[in-house]
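# Close look at the chain arrangement
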Amino acid sequence: MIKSDGFKKVNIAVFISGTGTNLKNLIKFSLKKKSNFKINLIISSNSKAKGLNYAIKYGIKKKVINYVDISFSEKKILKELRNYKINIICLAGFMKILSKNFIKKFKGKIINIHPSLLPKYKGLNTYQRAIDNKDKYSGCTVHYVNVKLDSGKIILQKKVRIFKKDTAQILAKRILKQEHLLYPRALKKILTNP
Ligand code: GRF
C-alpha cells in the first residue's frame, strides 16, 4: 500500500460524474497544512458535471473522458494517471464501472464512497431501499474497490438514523453530510496506517 512518509504528499486522482460535493470536500481537506495528500487530477465521465467547476476554482488539472469505448477510455485515463504520478484513485460519485483489467492494474489503490452500510444495498437507489425495508439506520461506507461491485474491504463506515418521515431525498442529504466527514478520515487512515 501507499503510505505517506510525512514529507512527500501522496498524489490523488478523484473520479466524478456529477455534483462533486465529496470532491470539493476532499480538495478542502487536502489544502490543510497537516494533510498528507494532494489532489493532482480530476477525471470526469461527464462533460457537464458540476464538480468540474472545482477543478477551475482550485486550479487542478481535469480531464473529461467520454466513455464511448471503455477500453480506449481507460487507456486514456491510465496515461493521465501516469503523467500525474497518481498513487491513489478516489471514486466520488463516479457512475461508470471500471473494468477488471483496470482495477487489477491499480490493485489496492482505488477507494470509493457508497451511500449505505455495506454489504447492505450495493448498487443504486440505496436510500429508498433502506426506507422500504423499514431499516432504523442507513449510512455511508468508504471501501476499497475490487472487481465485484461495492464489495471490496471496508475502510470506515458511519451510521445515520432513518426517521419515520424521511423521504429518499431527505435521507440522502443527511447521509451526504456524513460522507463529507468520512471520506477524508478514511483516506487519512489508509495513508497513515494501511
Ligand atoms: C454520493 O452520495 C456518494 O456516496 C455516491 O455518489 C454521490 C456523490 O455525490 N457514490 P457528490 O457528487 O460527491 O456530491
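Data block above holds the structure.
Everything in this summary refers to the structure shown in the same document. (Residues numbered from 1 in each chain as written. Predicted model: local features only at pLDDT ≥ 70, side-chain atom pairs only at ≥ 80, totals over all residues. Heavy atoms only, no water.)

I12, V14, C90, I111 and L187 are the most contacted members of the largest nonpolar core, which totals 38 residues. Sorting elements by how many residues they give to this core places helix α6 (residues 168–192) first, with 8 residues. Core analysis: the next-biggest nonpolar cluster, separate from the first, contains 19 residues, I65, L78, L81 and I86 among them. (Core = buried A, V, L, I, M, F, W, Y, C linked by side-chain atoms within 4.5 Å. Buried < 20%, exposed > 50% of the residue type's maximum accessible area, 1.4 Å probe, protein only. Helix = DSSP H or I, 4+ residues; strand = E, 2+ residues; numbered from the N terminus.)

Close contacts around the ligand come from T19, G20, T21, N22, G93, I113, H114, P115, Y127 and E179, and that covers them all. Taking T21, its side chain carries an N or O atom lying 2.5 Å from an oxygen atom of the ligand. Here Y127 contributes a side-chain N or O atom positioned 3.5 Å from an oxygen atom of the ligand. Across the complex, the protein chains shield 83% of the 370 Å² of accessible surface that the ligand would expose by itself. A majority-of-atoms criterion places the ligand in the largest pocket. Taken together, the residues that form the shell around the ligand break down as 3 nonpolar, 6 polar and 1 charged. (Near = heavy atom within 4 Å. Polar contact = N/O pair within 3.5 Å; in protein donor to acceptor, adjacent residues only side chain to side chain. Areas by Shrake-Rupley, 256 points an atom, 1.4 Å probe, with all protein chains shown as cover. 1 Å grid on protein atoms, 1.4 Å probe; cavity = no way out; pocket = protein on both sides within 12 Å on 5 of 7 lines; lining within 4 Å. Sits in = over half its atoms within 2 Å of the grid points. Nonpolar A, V, L, I, M, F, W, Y, C, P; charged D, E, K, R; others polar.)

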